[in-house]
Amino acid sequence: MVGHIVTFVQHLQAHARQLPRLGRAGSAFLLALLLVMVGTGQALAQAPEGTANANPTLTTMLGITMGVLGVGLLTAVLISFVVWATGTRNPLIPTDEEMEHSFRRYFWFSVDHKVIGIQYFWTSLFFFFIGGLMALLVRWELAQPGLTFTPDQYNQFFTMHATIMIFLFIIPMLVGAFGNYAVPLMVGTFDMAFPKLNALSYWLVPPGALIIMAGFLAESGTAKAGWTSYPPVALQGGAGQMLWLLGVFVLGWSSIVGGMNFLVTIMNMRTKGVHYFRLPLFVWAIATTAVLAVLGTPSLAAAVTLQFMNIAFGFPFFDAAKGGNPLMWQHVFWFYSHPAVYIMILPAFGIVSEIIPVFSRKPLFGYRALVYATAGIGVLSFLVWAHHMFASAMFPWLRIPFMLTTMLIAVPTGIKIFNWLGTLAFGKIRLETPMLFSLALVSMFVIGGISGVFLGSVPVDLHLHDTYFVVAHIHYVLFGGSAFAIFGGIYYWFPKMFGRMLNESLGKIHFWLSFIGFNVAFLPMHAVGALGMPRRYADYDIAFTELNLTISIGAFLLGFAQLILIYNMLRAFQVGKVAPANPWNARTLEWLTTSPPPHYNFEEPLTVDHDPYDYGRRISSPEALPVPGD
C-alpha cells in the first residue's frame, strides 16, 4: 500500500508542469457538481401554487437538461483524472495506428475531414430511415379514410418526418458528409482550415437530434405544428415544442460553424494552379451554400429563440391575444427557410455537375455560366421568402414584387438544366447508377420547377395553398432533386470513401424501384391537391380514396427500395470489388489519390494546369492529374 502511495506522489512530481491543466480539470469538476445539484433541484422542484408565470414543465425540462450535462461532464473529468493519476492510456481512445486502420475511429472524436465526413454520412443515413418510417406511418394513416392513429399522433408524425428529413438527413448528408469528405480533396489540400471547429460542427448534430427526438418522451408529445412551426398552434405545444426549438437551435449552430469553415478552406487552401474558375462545380455549390448558411441561419436562431421565450416565459412576441404578431414569425422564419431550400438543392446540383461530364465523357458545357447561375440562385434566394405567405394577412401590394422575384429565380435554374442537356448532347453516355440518378434529378426537378411556377403565381397559389399540390411540389424538388442526387453521390463517391465498389446490378434495381415508387407516390398528389384535398389532415373525403391508396402503395415501394441500398453497402464491405484510385476515369483531384485516401490525402503537394472537366483534351504537365482511358 505504501509503495502505491509513493509511486503516486512521484507521478505527481513528474507531472508538476501539468498543474494548470489540473486546475482547469478541478474547475470542470466543480462546474459538473454544480450542474448536477442545481439540475436535480430544478427537476424535483414544484412551483408554489399561485406563483405568477410558474411553468413546472419548463422547470423540469431545464433541470433534466442541466443534470444530464452535469453527469456527462463529471464522468469525463473523473475518467480523465484516473487515467492521468495512474499514468495509463485511456483504453477508450484509439492509438494513431488504430485510428488509421480501425473502424473505431468513426465512433470517436477526430479532426480528419474524411472521418468527420463519414460520421456525418452514417448519422444522416440513420436518420433518413427514421424520417422515412415517419413518412410511412403518415401514408399508412392516409391509405384509407378513417382514423388509425389519433389526430395528435398524426400531427407528430408528419412534423417529425419533415424535421428529420430536412435538418438531420438532407442538409447533413449533402453539406456535412459529401462536403466535408470531398471539398478538401477537390481543392488539393490536406484538411479543412479549422479541423477542431469541423469536429465541433459534427458533434453538435447528435445532441441536437437527441433533444428533438426527446420530445416523444414529453407528456404532451413532441412538436406537432409542422416543420414550419406556425403560431398560434406552435404556442400550444408545451415541452415537446420547446425541445424541438432547442434542438433546431443547436443544429443551426452546426450549420454556421461548418459554413465558416468551408468558406475559409475554399478561399485560402487551394493547391497551386487551382484558381476560382478551376474549382469543380461541387465546390462552388458548397461555397454558395456556406454563404447562405452563415447569413441566413442567425435569422432562424432568432425566430426559435423568440418562440421559445414566448412559450416558456409568456412573452407576447407571436401571441395575438397578448398583442403579439403571428405574421412576424413567418417573415423571420422564411427569411432563413427559403434559402434553406437552396442549401438543400445547390449541393445536389453540384453533385450532378460532377457526375454528368464523367459519364458523358465531355467537357461541362458552359462552366462559367453554371458558376454565375449558382451565385445568382444564392443571391435571389434571399428575395423570395414571402411567396410562402401569399395566403396570409400580408399587405396585398407586397405580393407582386415577391411573385416577380420568384419567377426570376427560375432563370438561373433553367440555365443549369440547359447546360446539363448541352453536356449530354452527343456525349459517350454510360448509363451507370450514378448517371441514372443524375438524369432522374434533371427530369424530376423540371417537374418540380414547373409546379413551382404555378405556386409562384399569386392567383393560382391562393387556390392551391396548403393543398397536396404543395406537398407534391416540395417532394419533386427535395426528394426528386436532393435525395436522388444523394443516391447518385453515394454510388459515385462510395469507392473513394470506403475503397469498395458497389454492385452495379443492385444499384440499378435500387434506382428503378426508387424512380417508379417516387412517381407513383407523388405524381397523383398534384391531382388530389388541385381537386382541393388539404394537407396536414389525418382524414379526408371518401372521393379521394383510390388516389390516396395509390400514393401509399408508391410510398411503401419507395421505402422498400432503400433497403436494397443498405444491402448493397453491407455487401460491398464483405465481398465488394476493391476500388482503384480512379474507377470512373474522372479528372477532379479527389481521384488522384488512393481509395480511400491516406491521412493527409496526397503524398506530396499538387500542381494543376488544367480545368476539372477537360475530357478529350491532353494535359501538358506531368504533375497534373492523369486520365487513364481517354
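Only a predicted model underlies this, so the values are computations on that prediction, with no experimental measurement involved. (Residues numbered from 1 in each chain as written. Predicted model: local features only at pLDDT ≥ 70, side-chain atom pairs only at ≥ 80, totals over all residues. Heavy atoms only, no water.)

*Asks:* Before we move on, could you go through the overall build of the protein and cite the residues and values that matter?
*Replies:* Scanning the protein from N- to C-terminus turns up 19 helices and 0 strands. Within the protein, the proportion of its 630 residues that are buried is 54%. Long-range contacts, defined as pairs at least 24 residues apart, comprise 81% of the intrachain contacts of the protein with a sequence gap of at least 6. (Helix = DSSP H or I, 4+ residues; strand = E, 2+ residues; numbered from the N terminus. Buried < 20%, exposed > 50% of the residue type's maximum accessible area, 1.4 Å probe, protein only. Contact = heavy atoms within 4.5 Å.)

*Asks:* So what about the pattern of salt bridges? Which residues, and what values?
*Replies:* If you walk through the whole model with that rule in mind, you get 5 salt bridges. The partner of Arg278 in a salt bridge is Asp611, and the shortest N-O contact between them spans 3.5 Å. Taken together, the residues Arg278 in the loop between helix 9 (238-268) and helix 10 (281-313) and Asp611 in the segment after helix 19 (545-575) connect sequence positions 333 residues apart. Taking the relative accessible area as the measure of exposure, Asp611 reaches 32% and is therefore partly exposed. The partner of Asp466 in a salt bridge is Arg535, with the nearest N and O atoms 2.9 Å apart. Within this pair, whereas Asp466 is found in the loop between helix 16 (458-464) and helix 17 (468-498), its partner Arg535 is found in the loop between helix 18 (504-530) and helix 19, the two being separated by 69 residues in sequence. Exposure remark for Asp466: the relative accessible area of 32% places this residue in the partly exposed category. (Salt bridge = Lys/Arg side-chain N within 4 Å of Asp/Glu carboxyl O.)

*Asks:* Can you break down the environment of Asp611 residue by residue, with the values?
*Replies:* Along the backbone, Asp611 and Leu279 are 332 residues apart, and their C-alpha atoms lie at a distance of 7.9 Å. Residues within four places of Asp611 in sequence aside, it is in contact with Phe277 and Arg278.

*Asks:* Residue-level account of unusual backbone geometry, with values.
*Replies:* In the segment running from Pro231 into Pro232, the intervening peptide bond is cis, with an omega of 5°. Assignment of secondary structure puts Pro232 in the loop between helix 8 (205-213) and helix 9. Residues other than glycine seldom take positive phi values, yet Asp466 does so here, at roughly 60°. Positive phi is not limited to glycine here, since Arg536 has a value of about 65°. Summarising the element assignment, Arg536 is placed in the loop between helix 18 and helix 19. Given a relative accessible area of 29%, Arg536 falls into the partly exposed group.

*Asks:* Tell me about the packing of helix 6 (residues 151-186) against helix 8, and please be specific about residues and values.
*Replies:* Between two packed helices, what matters for the description is the angle formed by their axes and the separation of those axes. Where helix 6 meets helix 8, the closest approach of the two axes is 12 Å, and the angle between their N-to-C directions is 175°. One way to sum up the angle between helix 6 and helix 8 is to call them roughly antiparallel. Counting all contacts with helix 6, which are made through Met160, Thr163, Ile164 and Leu168, the residues of helix 8 involved are Val205, Ala209, Ile212 and Met213. Here the contact of helix 6 with helix 8 is built from residues that sort into 7 nonpolar, 1 polar and no charged. (Axes fitted to C-alpha atoms, helices over the stretch in contact; angles between N-to-C directions. Parallel < 35°, antiparallel > 145°, perpendicular 65-115°, else oblique. Nonpolar A, V, L, I, M, F, W, Y, C, P; charged D, E, K, R; others polar.)

*Asks:* Provide a residue-level description of the packing of aromatic side chains, including the pertinent values.
*Replies:* For the coordinates displayed, the defined rule picks out 58 aromatic pairs. Ring plane angle 65° and centroid distance 6.4 Å describe the contact between Phe167 and Trp227, whose orientation is recorded as edge-to-face. Here Trp227 lies in the loop between helix 8 and helix 9 and Phe167 lies in helix 6, a separation of 60 residues in the sequence. Pair check on accessibility: Phe167 and Trp227 agree, each one buried. Lying over the aromatic face of Phe277, Arg368 brings its terminal NZ or CZ to 4.0 Å of the ring centre. (Phe/Tyr/Trp six-rings, centres within 6.5 Å; stacked < 30°, edge-to-face > 60°. Lys NZ or Arg CZ within 6 Å of the ring centre and 35° of its normal.)

*Asks:* With reference to specific residues and values, describe helix 17.
*Replies:* The sharpest bend along helix 17 measures roughly 45° and falls at Tyr492, with the proline Pro495 sitting one to four residues further on. Counting buried residues along helix 17, 29 of its 31 residues qualify, which places the element largely inside the surrounding structure. A positive phi of about 75° marks Gly499, the residue just after helix 17. (Bend = angle between axes of the 7 residues up to and from the residue.)

*Asks:* Explain a nonpolar patch on the surface residue by residue, including any values.
*Replies:* Residues Phe194, Leu197 and Leu200 make up a contiguous nonpolar surface patch of roughly 240 Å² in combined accessible area. Relative to the helices and strands, Leu200 is located in helix 7 (residues 195-203). Residue classification places Leu200 among the partly exposed positions, given a relative accessible area of 38%. (Patch = residues over 30% accessible without salt bridge, like charges linked within 9 Å, V, L, I, M, F, W, Y side chains within 5 Å. Areas by Shrake-Rupley, 256 points an atom, 1.4 Å probe, with all protein chains shown as cover.)

*Asks:* Describe the nonpolar core, listing the residues and the values that go with them.
*Replies:* Nonpolar side chains in soluble globular proteins generally cluster together in the buried interior. In terms of nonpolar packing, the biggest core is built from 163 residues, with Phe121, Phe178, Phe282, Ile490, Tyr492 and Trp493 touching the most fellow members. Here the element with the most residues in this core is helix 6; it accounts for 23 residues. Beyond its immediate stretch of four places on either side in the chain, Phe121 contacts Met173, Ala177, Phe178, Ile490, Met497, Phe498 and Met569. (Core = buried A, V, L, I, M, F, W, Y, C linked by side-chain atoms within 4.5 Å.)

*Asks:* Please set out the packing of helix 6 against helix 9 residue by residue, giving values where relevant.
*Replies:* The N-to-C vectors of helix 6 and helix 9 enclose an angle of 20°; their axes lie 12 Å apart at closest approach. Between helix 6 and helix 9, the interaxial angle falls into the category roughly parallel. The chirality of how helix 6 crosses helix 9 is left-handed. Across from Met160, Thr163, Phe167, Leu168, Val175, Gly179, Asn180 and Val183 in helix 6, the residues of helix 9 making contact are Trp244, Val248, Leu251, Phe262 and Ile266. Along the lines of polarity and charge, the residues of the contact of helix 6 with helix 9 split into 10 nonpolar, 3 polar and no charged. (Left-handed = near helix turned anticlockwise from the far one by under 90°.)

*Asks:* Could you give an account of the side chain of Thr545, with specific residues and numbers?
*Replies:* With respect to the helices, strands and loops of the structure, Thr545 is situated in helix 19. What makes Thr545 buried here is its relative accessible area of 16%. A distance of 2.6 Å separates the side chain of Thr545 from the backbone oxygen of Ile542, its partner in a polar contact. If we skip the residues at most four places from it in the chain, Thr545 touches Ala143, Gln144, Pro145 and Tyr540. (Polar contact = N/O pair within 3.5 Å; in protein donor to acceptor, adjacent residues only side chain to side chain.)

*Asks:* Explain the side chain of Arg399 to me, using residue names and the numbers behind them.
*Replies:* Mapping Arg399 onto the fold places it in helix 13 (residues 399-408). We note that Arg399 is buried and unpaired, the nearest opposite charge coming from Asp461 at a distance of 7.7 Å. A polar atom in the side chain of Arg399 sits 3.0 Å from the backbone oxygen of Phe390. For Arg399, the contacting residues outside a window of four places in its chain are Phe390, Ser392, Met394, Val458 and Leu462. (Lys, Arg positive; Asp, Glu negative; His and termini not counted.)

*Asks:* Run through the confidence of the model for the protein, naming residues and quoting values.
*Replies:* Summary statistics for the protein give a mean pLDDT of 85 and a share of 81% for residues scoring 70 or more. Confidence scores differ between elements of the protein, with helix 2 (residues 19-44) showing the lowest mean pLDDT of 51 and helix 18 the highest of 97. Counting contacts from residues 16-23, a segment whose pLDDT is below 50, to residues more than four positions away or on other chains yields 3 contacts. In the model, residues 619-630 has pLDDT below 50 throughout and makes 31 contacts with residues more than four positions away in sequence or in other chains. (pLDDT = per-residue confidence, 0-100.)

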